[in-house]
Amino acid sequence: MPGIDLALDVAANIADAFDIGDGGAAELHNKACHAGLQTPEPVLAVQKGAYTYRRGCRPATAESQDRARTMPSQTVHSSTVDRAEVDQFERLAETWWDERGPMATLHKFNPVRLGYIRDQAALHFGRDPKQAGCLSGLRMLDIGCGGGILSEPLARLGAVMVGADPAQANIEVARRHAAQSGVSIDYRATTAEALADAGERFDVVLAMEVVEHVADVALFVARCAEMVRPGGMMIAATLNRTLKSFALAIVGAEYVLRWLPRGTHRWDKFVTPEELETAMRHADLRLVDERGVVYNLFRDVWLLSDDMDVNYMLTAVKDR
């Protein structure tokens, strides 16, 4: 019967998500809290300006909490690039601009992150976000730009865009689409560390949906921070490492709803707001804003929220 078949299929997909194996998205078998998978206790709300933000559930293990305290000092990689992650997205390069393909969810996510970047930059640099060219003259880096689906609308708002990605195939797709669209963007097949070593500087450095894919978060944030001019800002969007994010972003999005190809994310590489803020602080960046992003099923739209349990965005500035 169709109903039974669907139920069995969903159950099998959930089982698959828990049985990815060594290095998979949810390798909970060797984690301290695996016995019983206890619900993590909530964290007290913290006040940021006019908003009250809920930091979400605590990291799912004691090990994760230790990681939040020590991560920025543990630089064990010479590169920020995780080659397996780059190869995975390079295989999808030709699908970047297909709004019904593997990147469909990212296309739906694009308006909320574009609006957040525009509003944060306008607030910081004294611009009117309602003006068509509100980002005019601001030099922005979109690190991990993929096929350019965020770089292009930012360029249309007046930003002087540099899009960088270590996957050559992604850059070729981005360049081709920009040429077809008549948008001027400086796309480069390179890495954050290569750009930093070359002395590049930007008013705004963007790391949108890329932090959870790098080899070393602390090193990545530090190299990005090097490229932020004094008085400039860095904006990052990523996924929180909570049981809720495992249920929604891994089991739900990849195995049940199949919004994303299986293996798009690894839950153990998700980054808590505390970890990311700590990495930013160690890189001489000061947090000025944090917002959660949630999906409204009935409106089929992503919205800003005070719920940071799964998706969230941070803005930090460099004072000197």
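Here, every reference points to the structure presented above.
Anyway, here's the lowdown on the structure attached to this text. Fair warning: this is a prediction, and the values are worked out from it, not measured in the lab.

Remarks on the side chain of His107
Consideration 1: With respect to the helices and strands, His107 occurs in helix α4 (residues 104-125).
Consideration 2: Reaching out from His107, the side chain makes a polar contact with the backbone oxygen of Trp96 at a distance of 2.7 Å.

Observations regarding the environment of Glu254
Consideration 1: You can see Glu254 is positioned in helix α9 (residues 243-256).
Consideration 2: Sequence spacing of Glu254 and Thr264 is 10 residues, and the spatial spacing of their C-alpha atoms is 7.7 Å.

Some points on the sheet that holds strand β10 (residues 311-317)
Whenever strands of a sheet pair, they do so through backbone hydrogen bonds, lying parallel or antiparallel.
Consideration 1: Strand order in the open sheet formed by eight strands is β5-β4-β3-β6-β7-β10-β8-β9, and the pairing between neighbours is mixed. Each having just a single partner strand, β5 (186-189) and β9 (301-305) make up the two edges of the open sheet. When strand polarity is set aside, the average angle formed by the axes of neighbouring strands in this sheet is 20°.
Consideration 2: Relative to the sheet, α4 contacts β3 (139-143), β6 (202-208), β7 (228-239), β8 (286-296), β9 and β10, its axis offset from that of β7 by approximately 155°.
Consideration 3: The strands that helix α10 (residues 273-282) touches are β7, β8 and β10; relative to β10, the one it contacts most, it runs at about 20°.

Structural notes on the packing of aromatic side chains
Consideration 1: Counted under the stated rule, the structure contains three aromatic pairs.
Consideration 2: Seen from their ring centres, Phe109 and Trp302 are 5.1 Å apart, and the 80° between their planes marks the pair as edge-to-face. Taken as a pair, Phe109 in helix α4 and Trp302 in strand β9 lie far apart in primary sequence, 193 residues in all. An identical accessibility class is assigned to Phe109 and Trp302; each is buried.
Consideration 3: Arranged with centres 5.3 Å apart and planes meeting at 50°, the rings of Tyr295 and Trp302 form a pair that is tilted.
Consideration 4: Residue classification places Tyr295 among the partly exposed residues on the basis of a relative accessible area of 24%.

Some remarks on the side chain of Lys318
Consideration 1: In this structure, Lys318 sits in the segment after β10.
Consideration 2: Only 2.9 Å separates the side chain of Lys318 from the backbone oxygen of Val228, close enough to count as a polar contact.
Consideration 3: With near-sequence residues (within four places) excluded, Lys318 lies in contact with Ala225, Glu226, Val228, Arg229, Pro230, Gly231, Gly232, Asp284 and Leu285.

Cut-off values and rules
- Residues numbered from 1 in each chain as written.
- Predicted model: local features only at pLDDT ≥ 70, side-chain atom pairs only at ≥ 80, totals over all residues.
- Heavy atoms only, no water.
- Helix = DSSP H or I, 4+ residues; strand = E, 2+ residues; numbered from the N terminus.
- Polar contact = N/O pair within 3.5 Å; in protein donor to acceptor, adjacent residues only side chain to side chain.
- Pairing = 2+ DSSP bridges.
- Axes fitted to C-alpha atoms, helices over the stretch in contact; angles between N-to-C directions.
- Contact = heavy atoms within 4.5 Å.
- Phe/Tyr/Trp six-rings, centres within 6.5 Å; stacked < 30°, edge-to-face > 60°.
- Buried < 20%, exposed > 50% of the residue type's maximum accessible area, 1.4 Å probe, protein only.

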